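# Observations on the three-dimensional arrangement
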Amino acid sequence: MKAGFWVAPEGAEDAMTVMPIGGDVLDEAPGRRRLSLLATGKAENLIRACPRVSKMLPEIVAALETQAENAQGRLFDLTEFSAEEILLIEDVIGEGEVTGLVSLPDGVDAQIQESVMAGLWRVRFTNLQGKLFADYLEVSSLPEIARRAALVNCQPLDAGEPPAGAMNVMPLLAEIAGRSAAHKTGEPTHTITFSLLPMSPEDMSHLQKCLGAGSVRLISKGYGSCRILSTATMNVWSVQFFNAMDEIILDTLEIGDAPAAARAAEEDFRDSAKRLREIEEAYFA
């Protein structure tokens, strides 16, 4: 078993099925480097056939240039776009490091994928049958659906009776309950690091049971990965960092707003605006 607050069978990946987003790429020849569609001769005709994409890109750039970290995001609807338009959008925005799944009532899932431009996200909703019924781009630090879903259907934290073999779980639960209830949006996050606090297996099991499972799961991959899960307790998140060998190197609970490891910062918006403007001017102007 993997150590930590979130426990999975050895070698198991997160239970997250996300539709692939990355733009179609073309092989020049077997074994050779794959090329972006924009780098091929087909790009000019495709861009000419997709004026709505050409019109949207400067609007996204403008949103990135003005977006504040804690401000309401701006949405760009793709639901009625054609297959060609979606293909072009996917090729332009690419696929970044953060992906996620938000489980909503009635079997609806919101699938989240950061683009290669931090702060620009693709969000798609599928129903119980897996059918796509909403699709949009969002300029925000983290898609609003993830923020909202983490706060709804939360349960009161009931510490219950201490389990046999308990060491520190009861005072820890009291601390979590107090900080969770007192937190206000925008205030600093409080972090509990398990490596600094002796916890028995019975402690961890009781902690998991009391906090409950939330509806938001996020993974940020780079060198190693960061796995972020909301709990069913208001403002409480499990945040774990893994090395390239998939071993936990930091196991924490964060009490506060959505963890910074998954959010875009204000400088990210400006860098992304510059990058997207360069693409727009090079290929769409």
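In what follows, the accompanying structure is described.

## Description of the overall build of the protein
Scanning the protein for helices and strands turns up seven helices and twelve strands. Every one of the 285 residues in the protein was classed for burial, and the buried ones make up 47%. Here the analysis covers contacts within the protein between residues at least 6 apart in sequence; of these, 57% occur between residues at least 24 apart. In the form shown here, the protein has an accessible surface area of approximately 14,300 Å², with 54% of it arising from carbon and sulfur atoms.

## Structural notes on the side chain of Ser141
Secondary-structure assignment places Ser141 in the loop between strand S7 (132-139) and helix H4 (144-151). For Ser141, the residues in contact, after removing those within four places along its chain, are Glu69, Trp121, Arg147, Ala262, Arg263, Ala264 and Phe269.

## Description of the environment of Thr79
For Thr79, the position within the fold is in the loop between strand S3 (74-77) and helix H3 (83-93). For Thr79, the residues in contact, after removing those within four places along its chain, are Phe133, Ala134 and Asp135. There is a polar contact of 2.6 Å between the side chain of Thr79 and the side chain of Asp77. In terms of polar contacts, Thr79 uses its side chain to reach the backbone amide nitrogen of Asp135, at 3.1 Å.

## Looking at the sheet that holds strand S4 (residues 98-103)
Sheet architecture is open: ten strands sit in the order S3-S7-S6-S5-S4-S9-S10-S11-S12-S8, paired in antiparallel fashion. Edge strands, defined here as strands with exactly one partner in the open sheet, are S3 and strand S8 (190-193). Recorded for the sheet is a direction-independent mean angle of 20° between the axes of neighbouring strands. Pairing between S8 and strand S12 (residues 248-255): four bridges, direction antiparallel. Note that in S12 the partner of His190 across the bridge is Ile255.

## Quick word on the environment of Leu157
Of note, Leu157 is situated in the loop between H4 and helix H5 (169-182). Overall, the relative accessible area of 21% leaves Leu157 in the partly exposed class. Residues Leu157 and Ala232 lie 75 residues apart in sequence; the distance between their C-alpha atoms is 8.7 Å. The contact partners of Leu157, leaving out residues within four places of it in the chain, are Leu173, Ile176, Ala177, Cys210, Leu211 and Thr233.

## Re helix H2 (residues 51-66)
Under the 1.5 Å per step criterion, the end-to-end length of H2 is 24 Å for 16 residues, consistent within 8% with the ideal 22 Å. The set of residues buried in H2 consists of Val53, Ser54, Met56, Leu57, Ile60, Val61, Ala63 and Leu64. Taken together, the buried residues of H2 touch helix H1 (43-48), S3, H3, strand S6 (120-126), S7 and helix H7 (266-283).

## Here we look at the nonpolar core
Ranked by internal contacts, the top residues of the largest apolar core, which has 31 residues, are Ile60, Leu88, Val92 and Leu137. Listed by contribution, the elements that provide at least two residues to this core are H1, H2, H3, S7 and H7. In terms of residue count, H2 provides more of this core than any other element does, seven residues in total. If we skip the residues at most four places from it in the chain, Leu137 touches Met56, Ile60, Arg74, Leu75, Phe76, Leu78, Ile89, Ile93, Leu120, Trp121 and Arg122.

## Focus: the pattern of salt bridges
Within the structure shown, the criterion is met by eleven salt bridges. One salt bridge in this structure joins Arg263 and Glu69, with 3.5 Å as the shortest N-O distance. In this pair, Arg263 sits in the loop between S12 and H7 while Glu69 sits in the loop between H2 and S3, placing the two residues 194 residues apart along the sequence. Among the residues examined, Arg263 registers a relative accessible area of 23% and is labelled partly exposed. Glu69 gets classed as partly exposed once you look at its relative accessible area, which sits at 23%.

Cut-offs applied
Residues numbered from 1 in each chain as written. Predicted model: local features only at pLDDT ≥ 70, side-chain atom pairs only at ≥ 80, totals over all residues. Heavy atoms only, no water. Helix = DSSP H or I, 4+ residues; strand = E, 2+ residues; numbered from the N terminus. Buried < 20%, exposed > 50% of the residue type's maximum accessible area, 1.4 Å probe, protein only. Contact = heavy atoms within 4.5 Å. Areas by Shrake-Rupley, 256 points an atom, 1.4 Å probe, with all protein chains shown as cover. Polar contact = N/O pair within 3.5 Å; in protein donor to acceptor, adjacent residues only side chain to side chain. Pairing = 2+ DSSP bridges. Axes fitted to C-alpha atoms, helices over the stretch in contact; angles between N-to-C directions. Expected span 1.5 Å × (residues − 1). Core = buried A, V, L, I, M, F, W, Y, C linked by side-chain atoms within 4.5 Å. Salt bridge = Lys/Arg side-chain N within 4 Å of Asp/Glu carboxyl O.

Limitation: the analysis is restricted to geometry and does not speak to function.
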